[in-house]
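Coordinates in review
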Amino acid sequence: MPQDVDYSQKLRPQIHFSPPKNWLNDPNGLVYYKGEYHLFYQHNPTASIWGNIHWGHAVSEDLLNWKHLDIALKPDEYGLMFSGSAVVDHNDTSGFFDGEDGLVAIYTSALPQKHKDYYLQQQCIAYSKDQGRTWIKYEDNPVIENKRWKDFRDPKVFWHKETESWVMVVTNGKKVNFYRSDDLKNWEFTSDFACNAFQFEGVWECPDLIKLPVENKAEEQEWLLQTGFQDNSLAGGSGSQYFVGEFDGYQFKNLNPDQKTFWVDYGQDFYAVQSWANLPQSQNREVWIAWMNNLAYSDTLPTNDWRGVLSIPREITLAEYNNEYYLKQKPISELEKLREHDHSVKEHDIQNVFDYKINYDPFEVKFTAEIGPRDKMDINLIRGNNLRISLLVDKQNKEIVLRRSFNIDSKIGKVFNDTHSAQLFEVREKIDIQFIIDRSTLEIFINDGEIVFSDLIFPDDIDKTILSIESNSENGKLHDIEINKLHSIWE
Ligand code: FRU
């Protein structure tokens, strides 16, 4: 697989993963094994639109710099290679590895049905004895047949230590199903979980279930269950929600209020999120990554020979406020390797505009805003050629609103919204803002990752971008402004 791919295109992100060419959607099979982070992804190797779905493959030693490898899974008699996960079978429970360990991928095969608008979706497995370089499909696939359901896909499998069993969470219509297995081949259904599902259009997809520490409660850990749903999310189009609760290996019990929706991300472009399996315990963290896109317009984005990008990998934890559990997400600590410090300012009075010309890309800006007594601060962040990004912090309504504007290609359609809003969990005097702009991607982390907005942007000319922090607030202050250049991972 050639590594000399052209990553110089105007909209091609420089510190985010995108395919060498053609189409990418969901991240799949994320697993750490023998010093490598594996990243598989939904890939059409022959066109830059969805279809002909294979599993593309890349590996990294630091979650930032990626080496492209050959296609891992190709369509077969059971259909296309839809989304799924991968595990390390440490104790050879599957019997595939002659008593050693190895990788097993658990995925959905999807067969188009004649004269019907759906694909027959069944769960299949494949294994690799050579660190994911080549894959053997299991001879008795599918491991979970499907005779009844229209939408039954995207298995995420993990080893449930407490009950010493493999557990699968897989979406089925507007719910998730849990299954258990001793050997990854024979699966037994245990339970369903559905909650507040029917307020959203479209079925659930790409679930994940992972145990996380609760940062502000010593020793407490809870399970985070994440699912994507296809339409009608808060920001418009597809979106991701989460539940936090107890999981005993068989059933999930939500500890958050059932009727309230908890959003993973408040922007429009963070979907099909999946966590890495088997991270070394010494890392003491969990990490996930998502497809930075939206089912409502993913096929129409204004790039040509490549289409689709993944987010920056994020470290995830939970926090508890007022008896509710919230997700927190921060860019992985490895990002430090790409930073080159450019400029910082200790304190800036908000009555004066803070303008700074940034003549490189990508870049990162961090600062703390101290909100004045008027309780509302409208902060313009970026001014470019046809590009504007601003944040309104409204303490009274406990709200934060992101506005982005640029020339939108009319083909992208109406679902592409300019304004996204989120509720602040707690109202504090100061608010921390960190944002990263990488050509066509924008990720804003508020208050150490309590709220994140991830959005695609299509600036005409990123070189003309000015960091221009300006506010209507009377007495506010900006503290610790820091501007960093980020070095491209593709050069
Ligand atoms: C989500 C999704 C998955 C499916 C895959 C097919 O984006 O629809 O549910 O497995 O894409 O490419």
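The structure presented is a predicted model; accordingly, all values stated were derived computationally and were not measured. (Residues numbered from 1 in each chain as written. Predicted model: local features only at pLDDT ≥ 70, side-chain atom pairs only at ≥ 80, totals over all residues. Heavy atoms only, no water.)

1. Concerning the overall build of the chain
- Helix and strand counts for the chain come out as zero helices and 34 strands.
- Over its C-alpha atoms the chain spans a radius of gyration of 22 Å, differing by no more than 12% from the 23 Å that the globule rule assigns to 491 residues.
- Oriented by its inertia axes, the alpha-carbon framework of the chain measures out at about 70 × 50 × 45 Å.
- With 491 residues in all, the chain has 62% of them scored as buried.
- Only carbon and sulfur atoms are counted for the fraction: they give 43% of the accessible area of the chain, which is about 19,300 Å². (Helix = DSSP H or I, 4+ residues; strand = E, 2+ residues; numbered from the N terminus. Rg over C-alpha atoms; globule rule 2.2 N^0.38 Å. Buried < 20%, exposed > 50% of the residue type's maximum accessible area, 1.4 Å probe, protein only. Areas by Shrake-Rupley, 256 points an atom, 1.4 Å probe, with all protein chains shown as cover.)

2. Quick word on the pattern of salt bridges
- Scanning the entire structure with this criterion turns up 33 salt bridges.
- Among the ionic pairs, Lys 217 bridges to Glu 220, the shortest N-O distance being 3.0 Å.
- We note a salt bridge from Arg 339 to Glu 336, for which the minimum N-O separation is 2.7 Å. (Salt bridge = Lys/Arg side-chain N within 4 Å of Asp/Glu carboxyl O.)

3. Focus on the sheet that holds strand β19 (residues 287–291)
- In space, the four strands of this open sheet follow the order β18-β19-β21-β22, with antiparallel pairing throughout. Both outer strands of the open sheet, β18 (271–275) and β22 (324–331), are each paired with one neighbouring strand and no more. Recorded for the sheet is a direction-independent mean angle of 40° between the axes of neighbouring strands.
- Judged from the two bridges that link them, β19 and strand β21 (residues 314–321) form a sheet pairing that is antiparallel. Directly across from Val 287, in β21, lies its bridge partner Glu 315. (Pairing = 2+ DSSP bridges. Axes fitted to C-alpha atoms, helices over the stretch in contact; angles between N-to-C directions.)

4. Overview of the side chain of Asp 269
- Relative to the helices and strands, Asp 269 resides in the loop between β17 (262–263) and β18.
- Classification of Asp 269 by relative accessible area gives buried; the value is 0%.
- A polar atom in the side chain of Asp 269 sits 2.6 Å from the side chain of Tyr 297.
- A distance of 2.8 Å separates the side chain of Asp 269 from the backbone nitrogen of Leu 456, its partner in a polar contact.
- The contact partners of Asp 269, leaving out residues within four places of it in the chain, are Trp 291, Met 292, Asn 293, Asn 294, Tyr 297, Arg 404, Ser 454, Asp 455 and Leu 456. (Polar contact = N/O pair within 3.5 Å; in protein donor to acceptor, adjacent residues only side chain to side chain. Contact = heavy atoms within 4.5 Å.)

5. A word on the state of the cysteines
- Under the counting rule described, the total for this entry stands at zero disulfides.
- Take Cys 195: it sits in no disulfide, and the sulfur closest to it among the cysteines is that of Cys 206, at 19 Å.
- With a relative accessible area of 8%, Cys 195 lands in the buried category. (Disulfide = S-S within 2.5 Å.)

6. Thoughts on the site of the ligand
- Taken together, 13 residues are adjacent to the ligand, and Asp 26, Gln 42, Arg 153, Asp 154 and Glu 205 come closest.
- The contact in question runs from an oxygen atom of the ligand to an N or O atom on the side chain of Glu 205, over 2.8 Å.
- Against a free-state accessible area of 320 Å², the protein chains account for coverage of 94% of the ligand.
- Breaking the shell around the ligand down by element, the ones donating at least two residues are β1 (22–33), β5 (80–88), β9 (152–160) and β13 (201–213).
- Looking at side-chain class alone, the shell around the ligand contains six nonpolar, three polar and four charged residues. (Near = heavy atom within 4 Å. Nonpolar A, V, L, I, M, F, W, Y, C, P; charged D, E, K, R; others polar.)

7. Digging into the pairing of β18
- Counting buried positions over the five residues of β18 gives five, a clear majority of the element.
- As paired strands, β18 and β19 are joined by three bridges and run antiparallel to one another. Bridge pairing in β19 links Ser 275 to Trp 288.

8. Re the nonpolar core
- Phe 367, Ile 400, Phe 435, Ile 444, Phe 453 and Leu 467 are the most contacted members of the largest nonpolar core, which has 87 residues in total.
- Residue-level mapping places this core at the junction of two domains, with at least three residues from each of domain 1 (22–331) and domain 2 (338–486).
- If we ignore the near neighbours within four places in the chain, the residues touching Ile 444 are Leu 381, Ile 389, Leu 391, Leu 402, Ile 433, Gln 434, Phe 435, Ile 451, Val 452 and Phe 453.
- Counting residues in each nonpolar core, the second largest holds 35 residues, with Ile 15, Phe 17, Leu 30 and Leu 63 among its members. (Core = buried A, V, L, I, M, F, W, Y, C linked by side-chain atoms within 4.5 Å. Domains from an automatic or database assignment.)

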